[in-house]
Amino acid sequence: AAGGIVASGEQDWITASGQRDDAYVDFTLASATKVGSFEVYNQNQLETSARDAKDIEIATSSDGSTWALCTTAELAASAMTVPNPANEVSIPDSCPSARYWRLTMKTFWGTDNHGGLMGVGIFAAGAAELVSWTISCSNCTAGTFALAEASTCIDCPGGKYEPSAVSAACPTCP
């Protein structure tokens, strides 16, 4: 479930316009599990990092409706870095085993109507991967590009071009 977050493309989580404050993503694991870390990939679609989450909260639940704060973390601004850098968030030993986990975006690196994440990996204590969410862009056609592993292709802006497929930027026209 995603509170205030809608799917954009195939695997990109982005909030609806004006609804990024306290937007969250819930993860349901197969069973109650002791989690060791979250690997969080920020939105990474703007050089200003305006959509990137800054402060997050991670909470647990035994029933999927009552939540207890587990930890907080500050994510790094991604600034369209390729590849999108992972933010490793360690889960304290004091956090209980849980089937339900929630990641809430509290603050952001800039001002924008949207906020979001590109992906989250959840690892059990001892590093066995439980859930992995990664982004891969399909080949973009000539004249379009993808922003740092985004799931959709975008038209090149005026005065720029892209002659080949699979590109992360459009060079200036000669």
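Residues numbered from 1 in each chain as written. Predicted model: local features only at pLDDT ≥ 70, side-chain atom pairs only at ≥ 80, totals over all residues. Heavy atoms only, no water.

Asker: Which residues make up the packing of aromatic side chains, and what values do they have?
Answerer: All told, the structure shown has two aromatic pairs when counted by the stated rule. Where F27 meets F38, the ring centres are 6.1 Å apart and the plane angle is 80°; that geometry is what we call edge-to-face. With F27 in strand β4 (residues 24–33) and F38 in strand β5 (residues 35–42), this pair connects stretches of sequence that are eleven residues apart. A residue is classified by how much of its surface remains accessible, and F27, at 8% relative accessible area, is buried. (Phe/Tyr/Trp six-rings, centres within 6.5 Å; stacked < 30°, edge-to-face > 60°. Helix = DSSP H or I, 4+ residues; strand = E, 2+ residues; numbered from the N terminus. Buried < 20%, exposed > 50% of the residue type's maximum accessible area, 1.4 Å probe, protein only.)

Asker: Explain unusual backbone geometry to me, using residue names and the numbers behind them.
Answerer: Going from V82 to P83, the amide bond is cis rather than trans, its omega being -5°. Summarising the element assignment, P83 is placed in the loop between β7 (68–74) and β8 (86–90). Positioned with a positive phi, D22 is a non-glycine residue whose angle comes to about 65°. Relative to the elements of secondary structure, D22 occurs in the loop between β3 (12–15) and β4. Accessibility expressed as a relative area gives 41% for D22, which makes it partly exposed. Positive phi values are uncommon outside glycine, yet A79 reaches one of about 50°. Considering the arrangement of structural elements, one finds A79 in the loop between β7 and β8.

Asker: Can you break down the nonpolar core residue by residue, with the values?
Answerer: Nonpolar side chains in soluble globular proteins tend to end up buried together. Among the nonpolar cores identified, the biggest contains 25 residues, and F27, F38, I56, W101 and L103 are the most heavily contacted of them. Of all the elements in the fold, those that place two or more residues in this core are β4, β5, β6 (55–61), β7, β9 (98–105) and β10 (116–124). By residue number, the principal contributor to this core is β9, which donates four residues. Those residues in contact with L103 that lie beyond four places of it in its chain are A23, Y24, V25, F27, F38, V40, I56, E57, I58, L117 and V120. (Core = buried A, V, L, I, M, F, W, Y, C linked by side-chain atoms within 4.5 Å. Contact = heavy atoms within 4.5 Å.)

Asker: Give a detailed account of the pattern of salt bridges, specifying residues and quantitative values.
Answerer: Taken as a whole and assessed by the stated rule, the structure comprises three salt bridges. Notably, a salt bridge pairs K106 with D22, separated by 2.4 Å at the nearest N-O pair. Linking K106 in the loop between β9 and β10 with D22 in the loop between β3 and β4, this pair joins segments that are 84 residues apart in sequence. As a salt-bridge pair, R102 and D26 come within 2.6 Å of each other at their nearest N and O atoms. With a gap of 76 residues between them, R102 in strand β9 and D26 in strand β4 connect regions that are remote in the sequence. The same class applies to R102 and to D26, which are both buried. (Salt bridge = Lys/Arg side-chain N within 4 Å of Asp/Glu carboxyl O.)

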